[in-house]
Amino acid sequence: MEYKLLTGGILLFISLFSIRLSKKVQVPLLIMFLFIGILAGSEGIGGIYFDDAELTQQIGNFALLFILFSSALETKKEDALSALYPSGILATLGVFLTTIFAAFFTFILTDFSFKEALLFGAIVSSTDAAAVVSVLGDSKLKKRVKTVIEIESGSNDPMAYALILFIISMFKADGLSVAGGIFFLIKQLVIGGVLGIAFGKATIPIGKFLRIERAEFLTIHLMAFLFICFSLTNILGGNGFLAIYLMGILVGNERFEFKMNSFRNMRVLSWLMQIIMFVLLGLLVFPSQLGKVVISGSILAILITLVSRTAVVFLLLEKFNYNLKEKFFISWAGLKGAVPIIFSTMAITEGIRKSQSIFNMVFYIVVFSVIIQGMTLKPLAKFLNLFEEGEDDETTEIDLEELEELSIKKLYIDKNSEYVDKAIKDLSLPRSVHIISIRRGDQDIIPRGDVILRAGDRLLLSRV
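Not measured: the values here are computed from a predicted model.

**Quick notes on the overall build of the protein chain**
- In terms of regular secondary structure, the protein chain is built from 18 helices and 4 strands.
- For the protein chain, whose C-alpha radius of gyration is 23 Å, the value lies close to the compact-globule estimate of 23 Å for 464 residues.
- Across its three principal axes, the protein chain shows a C-alpha extent of roughly 75 × 50 × 50 Å.
- Across the 464 residues of the protein chain, 52% fall into the buried class.
- For the protein chain, the proportion of contacts with a sequence separation of at least 24, taken over those separated by at least 6, is 77%.
- Here the protein chain has roughly 21,900 Å² of accessible surface; of this, 63% comes from carbon and sulfur atoms.
- Positive and negative side-chain charges in the protein chain, numbering 44 and 43 respectively, have mean positions lying 2 Å apart.

Structure representation (structure tokens):
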């Protein structure tokens, strides 16, 4: 036990150290975590032998709960609504079309059977929220573009997961018919949607009823309902990932005490899970086997992540008000990540004939996607002039709820802020939060209730 804990601690420390290295060499952070796992594995300098696909799948699914939920918590409802139709279409019909395109290319270029190619296509059909967020970070990408990318990447895993479950059933003797498959997909989405909304509406009111008075306990409360929502949805035949994503968005847009502390706690858990998940996936892969898929994998990676993705995005966003540059960038931002690799372990645990080849191919395509697309994403946005015209770092708007656990905070009112042209008395500030000064240009303004805030105002706030 002690040696396992020692090994785990060393890998976590090395993963944290790699964050600085990642910034210096401009390699996406998630790739660094993967390489740490590979180097620690049986064919690396660590010599740790690990080939338990079932355990990896279980840990991966558990990690995805926190990653998806944490991402959803910090999604503003107005952003989700503004990007609802384009993101929703990309996350559903886009995933389906990508599966078809990927299956077609795979069937032609490999020795996979049609069903195996279809399964492979479904596994690589979704984009990855963790990969997208880690690359885009706090960049000042145009909001209408960044929002649709982030909402899509966070919400398309459920559709991919439902397709994978349906296709896996085709390998079994009691496989679903086409009509049964359609009913299965609808059932997954409807039950997942209904329970996700129900838990999203009930979680905070129940917490208030219980009179939870500490941030730590509220975080535990959120985790308890996260587990209940996911497991109950799956038991009833719904899509648990969709349920917790919707639950997260609704909970995240509620007003409640200890909100920002709870968000930070969930963010810590999310990053911990990402590190564990990527290192574990690195341990699971055998680099010597990847040599067999370099040529076919590279061709497929280009066809799936670039050609198919571009075709799907341009086709589905044709009716929306996005220009050519924006659509091209959205298509380029379709990064793959840990989710397809985790999904590919399902092929192994289900005993699919070409499961190891599927896993190796998926792993290669993910690495290809994160390196090629991830490393060029920000430079491409700059080249296409898709960054907002921003101020310096001091001009970044800060959510007023962050004052919850801070005594003093500066707040810059950006021109796009929802607080522009609002009177102080109409801001609905928490009772404990007070504006102690307003700086407008070279002028200091007394913060009375009838003072109208303007773009460019700098506020100093305190919490008592």
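Moving on from the coordinates now.
**With respect to the packing of helix α5 (residues 84-109) against helix α6 (residues 114-123)**
- In contact at an axis separation of 7 Å, α5 and α6 are set at 135 degrees when each is read in the N-to-C sense. In this view, α5 runs oblique relative to α6, as classed from their interaxial angle. Considering only the axes of α5 and α6, their crossing is right-handed. Between α5 and α6, the contacting residues are T99, I100, A102, A103, T106 and F107 on the first element and F114, A117, L118, F120, G121 and A122 on the second.
- Broken down by class, the residue content of the contact of α5 with α6 amounts to 9 nonpolar, 3 polar and no charged.

**Some thoughts on the packing of aromatic side chains**
- Taken as a whole and judged by the stated rule, the model has 14 aromatic pairs.
- A ring pair is formed by F199 and F225, whose centres lie 6.2 Å apart and whose planes are at 70 degrees; its orientation type is edge-to-face. Pair noted here: F199 is in helix α10 (residues 178-209) and F225 is in helix α11 (residues 215-235), with a separation of 26 residues, a long-range link.
- F225 sits in the buried class, given a relative accessible area of 15%.
- R214 extends its terminal NZ or CZ atom over the ring of F217, reaching a point 5.3 Å from the ring centre.

**Regarding the packing of α11 against helix α12 (residues 240-252)**
- At a minimum axis distance of 8 Å, the contact between α11 and α12 shows a crossing angle of 145 degrees. Here α11 runs over α12; the crossing is right-handed. Here L222, F225, L226, C229, F230, T233 and N234 of α11 lie close against α12, whose contacting residues are G240, F241, A243, I244, M247 and V251.
- When the residues that make up the contact of α11 with α12 are grouped by side-chain class, the tally is 10 nonpolar, 3 polar and no charged.

**Looking at α6**
- Burial analysis of α6 places 8 of its 10 residues in the buried class, the great majority of the element.
- For α6, the complete set of buried residues consists of E116, A117, L118, L119, F120, G121, A122 and I123.
- Buried residues along α6 sit against α5, α9 (157-170), α15 (294-316), α17 (338-349) and α18 (355-383).

**Some points on the pattern of salt bridges**
- Scanning all chains against the criterion turns up 11 salt bridges.
- K327 serves as the salt-bridge partner of E318, at 3.8 Å between the closest nitrogen and oxygen.
- Note that D450 and R448 form a salt bridge whose closest N and O atoms lie 3.8 Å from each other.

Definitions and cut-offs
Residues numbered from 1 in each chain as written. Predicted model: local features only at pLDDT ≥ 70, side-chain atom pairs only at ≥ 80, totals over all residues. Heavy atoms only, no water. Helix = DSSP H or I, 4+ residues; strand = E, 2+ residues; numbered from the N terminus. Rg over C-alpha atoms; globule rule 2.2 N^0.38 Å. Buried < 20%, exposed > 50% of the residue type's maximum accessible area, 1.4 Å probe, protein only. Contact = heavy atoms within 4.5 Å. Areas by Shrake-Rupley, 256 points an atom, 1.4 Å probe, with all protein chains shown as cover. Lys, Arg positive; Asp, Glu negative; His and termini not counted. Charge placed at Lys NZ, Arg CZ, Asp CG, Glu CD. Axes fitted to C-alpha atoms, helices over the stretch in contact; angles between N-to-C directions. Parallel < 35°, antiparallel > 145°, perpendicular 65-115°, else oblique. Left-handed = near helix turned anticlockwise from the far one by under 90°. Nonpolar A, V, L, I, M, F, W, Y, C, P; charged D, E, K, R; others polar. Phe/Tyr/Trp six-rings, centres within 6.5 Å; stacked < 30°, edge-to-face > 60°. Lys NZ or Arg CZ within 6 Å of the ring centre and 35° of its normal. Salt bridge = Lys/Arg side-chain N within 4 Å of Asp/Glu carboxyl O.

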